[in-house]
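Chain by chain, the residues run as shown.
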Amino acid sequence: MPKFAANLTMMFNEVPFPQRFAAAAKAGFSAVEFLFPYEYAPREVAGWLHESDLQNVLFNLPPGDWASGERGIASLPGREEEFRASVAWALEYAEALGTPRLHVMAGLFPGSADRATHHAVYVANLQYAARELAQRGLTLLIEPINHRDMPGYFLHSQAQAHAIREEVGQPNVQVQMDCYHVQIAEGDIAMKLRRYLKHVGHIQIAGVPDRGEPDDGEVNYPYLFRLIDELGYAGWIGCEYRPRAGSETGLGWLQSMVATAAAISKDSIGWKAGENAGLPASRED
């Protein structure tokens, strides 16, 4: 059975970010991810993880000026020095938090620009970042994002992402496959999992089309979870969705799935009394 990490940027928004760690742990999660930790000092974020007995499985490199609409700078000509500085900044946090993988956002492509130039800058920046991360044993992730949610995003399909991964040519570069983005941009999620999963370093989920919990919408997640198991994926699945009616209330889908799996075979999911093995089930402080 897959193991799930709470995305603290989208989930547990009922409380401020520093309090979401404890909220996720109380709800039963043993791992979390988030977009950007840079508003807080590394030692603060590390402290919240430690206090809540959580591991951080993923966060993003600095994205440029997010407030003004930038969505990454890795493919933007003229921003190479800023990109290199962002890699160093992210690595400070990764070391403090014990984070094994970092996602680098590609950025938006101006329609009038030369795509080949942006592509060359992107590849060169990824090669640099991959080498820096490799020195610390970390994985660099790139993620295609659909154009409905993020118009003009440079990286927008699985085929494009895996072609770029191959071109970069660094073994610690993998693709982050968000099933929500795949369904909106391309569909055919199951076949893409079958084709690409060995080069996928992280999976994320959300309901389609509303990006709510994955128990409603046009994607059959129970089927995909079984397929992911069959294909031997051992990584985390990030719950990057916006709860429809409260974070804890919306976890019924996961609690039901865990209970069903436990009833079938406790040993098969590493389930032990008092130990959730990465699977949410109510945990008392």
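Residues numbered from 1 in each chain as written. Predicted model: local features only at pLDDT ≥ 70, side-chain atom pairs only at ≥ 80, totals over all residues. Heavy atoms only, no water.

Estimates place the volume of the second largest pocket at around 310 Å³. Together, 23 residues line the second largest pocket, and Leu35, Trp66, Met150, Arg211 and Glu240 are the ones closest to its centre. The residue makeup of the lining of the second largest pocket, split by class, is 9 nonpolar, 7 polar and 7 charged. (1 Å grid on protein atoms, 1.4 Å probe; cavity = no way out; pocket = protein on both sides within 12 Å on 5 of 7 lines; lining within 4 Å. Points joined across faces, edges and corners; volume = space filled by probe spheres on them. Nonpolar A, V, L, I, M, F, W, Y, C, P; charged D, E, K, R; others polar.)

Let us look at the sheet that holds strand β1 (residues 3-7). Around the barrel, 8 strands lie side by side as β1-β2-β3-β4-β5-β6-β7-β8; this closed barrel has parallel pairing. The mean inter-strand angle of the sheet, taken between neighbouring strand axes irrespective of direction, is 30°. For strand β5 (residues 139-142) and strand β6 (residues 173-178), the ladder comprises 3 bridges, and the chain directions are parallel. Considered in β6, the bridge of Leu141 is made with Gln174. Docked against the sheet, helix α8 (residues 221-230) engages β1, β7 (200-205) and β8 (236-239), running at close to 160° with respect to β7. (Pairing = 2+ DSSP bridges. Helix = DSSP H or I, 4+ residues; strand = E, 2+ residues; numbered from the N terminus. Axes fitted to C-alpha atoms, helices over the stretch in contact; angles between N-to-C directions. Contact = heavy atoms within 4.5 Å.)

This part covers helix α7 (residues 189-196). For an α-helix, the turn length of 3.6 residues means that residues three or four places apart are oriented alike. Residues of α7 that are buried include every one of Ile189, Ala190, Lys192, Leu193 and Tyr196, and no others. Within α7, the buried residues cover an arc of 165° as seen down the axis, which keeps them to one side. The secondary structure elements touched by the buried residues of α7 are α5 (158-168), β6, α6 (179-185), β7 and α8. (Buried < 20%, exposed > 50% of the residue type's maximum accessible area, 1.4 Å probe, protein only. Arc of directions from axis to C-beta.)

Next up on the list: the pattern of salt bridges. Under the criterion given, the structure shown has 11 salt bridges. For Glu82, the salt bridge identified is with Arg79, shortest N-O distance 2.6 Å. Taking the relative accessible area as the measure of exposure, Glu82 reaches 38% and is therefore partly exposed. Among the salt bridges present, the one from Glu240 reaches Arg211, with a minimum N-O distance of 3.0 Å. In this pair, Glu240 is assigned in the loop between β8 and α9 (252-264) and Arg211 in the loop between β7 and α8, connecting sequence segments 29 residues apart. Residue Glu240 is classed as buried on the basis of its relative accessible area, which comes to 7%. Bridged by salt links that share partners, the residues Arg148, Asp149, Asp178, Arg211 and Glu240 form one connected network. (Salt bridge = Lys/Arg side-chain N within 4 Å of Asp/Glu carboxyl O.)

Turning our attention to the nonpolar core. Where a protein is soluble and globular, its nonpolar side chains tend to be buried together. Of all hydrophobic cores here, the largest spans 86 residues; its most connected members are Phe4, Phe21, Phe29 and Trp253. By size, the runner-up hydrophobic cluster in this structure holds 6 residues, among which are Ala5, Val57, Leu58 and Trp236. (Core = buried A, V, L, I, M, F, W, Y, C linked by side-chain atoms within 4.5 Å.)

In contact at an axis separation of 9 Å, helix α1 (residues 17-27) and helix α2 (residues 42-51) are set at 20° when each is read in the N-to-C sense. In terms of orientation, α1 and α2 fall into the roughly parallel class. The handedness of the crossing between α1 and α2 comes out as right-handed. Facing Phe17, Pro18 and Phe21 of α1, the residues of α2 in contact are Val45, Trp48 and Leu49. Among the residues forming the contact of α1 with α2, the class breakdown is 6 nonpolar, no polar and no charged. (Parallel < 35°, antiparallel > 145°, perpendicular 65-115°, else oblique. Left-handed = near helix turned anticlockwise from the far one by under 90°.)

Fair warning: the whole summary comes from geometry, so function is off the table for now.
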